[in-house]
Amino acid sequence: MPDFIQIAAVVCLGGQSYIYQGILEYYYPDEQGQLDRLVISSASRRLLSNDDAARLLPGRGEEFNRGVGVPKESSKRRRDVPKSRFYPILGDYFVLHYDEVVTLNVRYMKYTKVVDSVEENTAALYAS
């Protein structure tokens, strides 16, 4: 079983496409059993037309498709990319209506335990 489920959905509003993401809290089917609503927490969004990531990664985008490599100015543009392109949505829960979702990405996430090397070394000292 996953510890949590991350949702990313493309939704078209007013002729613009947005990517919404968050942690799935609840989902509701309609009378026919089809998905009706998704309720997410820690919601954020970004305008898809502002997404320039494909051209900023080496070997991706038009440069890759033409087979000419990444242009020299791409390294300068890569530094100008903000750390997070998503804008947080204030509120505890955000409701996505499934009939407005164009694309849905679901990621099943599991926490992993990270062992601190100092504690591990200390335990080894006491054991010997």
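Residues numbered from 1 in each chain as written. Predicted model: local features only at pLDDT ≥ 70, side-chain atom pairs only at ≥ 80, totals over all residues. Heavy atoms only, no water.

### Comments concerning the overall build of the protein
Along its length, the protein carries four helices and six strands. Within the protein, the proportion of its 128 residues that are buried is 20%. Across the protein, every contact between residues at least 6 apart in sequence was considered, and the portion connecting residues at least 24 apart equals 59%. Total accessible area on the protein is roughly 9900 Å²; 53% of this is exposed by carbon and sulfur atoms. (Helix = DSSP H or I, 4+ residues; strand = E, 2+ residues; numbered from the N terminus. Buried < 20%, exposed > 50% of the residue type's maximum accessible area, 1.4 Å probe, protein only. Contact = heavy atoms within 4.5 Å. Areas by Shrake-Rupley, 256 points an atom, 1.4 Å probe, with all protein chains shown as cover.)

### Observations regarding the confidence of the model for the protein
The predicted model of the protein averages 77 in pLDDT, with 63% of residues at 70 or higher. Of all the helices and strands in the protein, helix α2 (residues 61–66) carries the lowest mean pLDDT, 42, while strand β5 (residues 94–97) carries the highest, 97. In this model residues 59–79 is a low-confidence stretch, pLDDT under 50, and it forms 19 contacts with partners more than four residues away in sequence or in other chains. The low-confidence segment residues 124–128 (pLDDT under 50) makes zero contacts with residues lying over four places distant or belonging to another chain. (pLDDT = per-residue confidence, 0-100.)

### Here's the deal with the packing of aromatic side chains
The full count for this structure, using the stated rule, is four aromatic pairs. On the basis of an interplanar angle of 50° and a centroid distance of 5.4 Å, the ring pair of phenylalanine 4 and tyrosine 111 is categorised as tilted. In this pair, phenylalanine 4 is assigned in strand β1 (residues 4–13) and tyrosine 111 in the loop between β6 (101–109) and α4 (117–127), connecting sequence segments 107 residues apart. Residue tyrosine 111 is classed as exposed on the basis of its relative accessible area of 60%. Taking the centre distance of 6.3 Å and the plane angle of 45° together, the rings of tyrosine 18 and tyrosine 20 count as tilted. Clustering of aromatic rings is evident, with ring pairs tying together Tyr18, Tyr20 and Phe94. Taking NZ or CZ as reference, arginine 37 lies 4.6 Å from the ring centre of tyrosine 28, over its face. (Phe/Tyr/Trp six-rings, centres within 6.5 Å; stacked < 30°, edge-to-face > 60°. Lys NZ or Arg CZ within 6 Å of the ring centre and 35° of its normal.)

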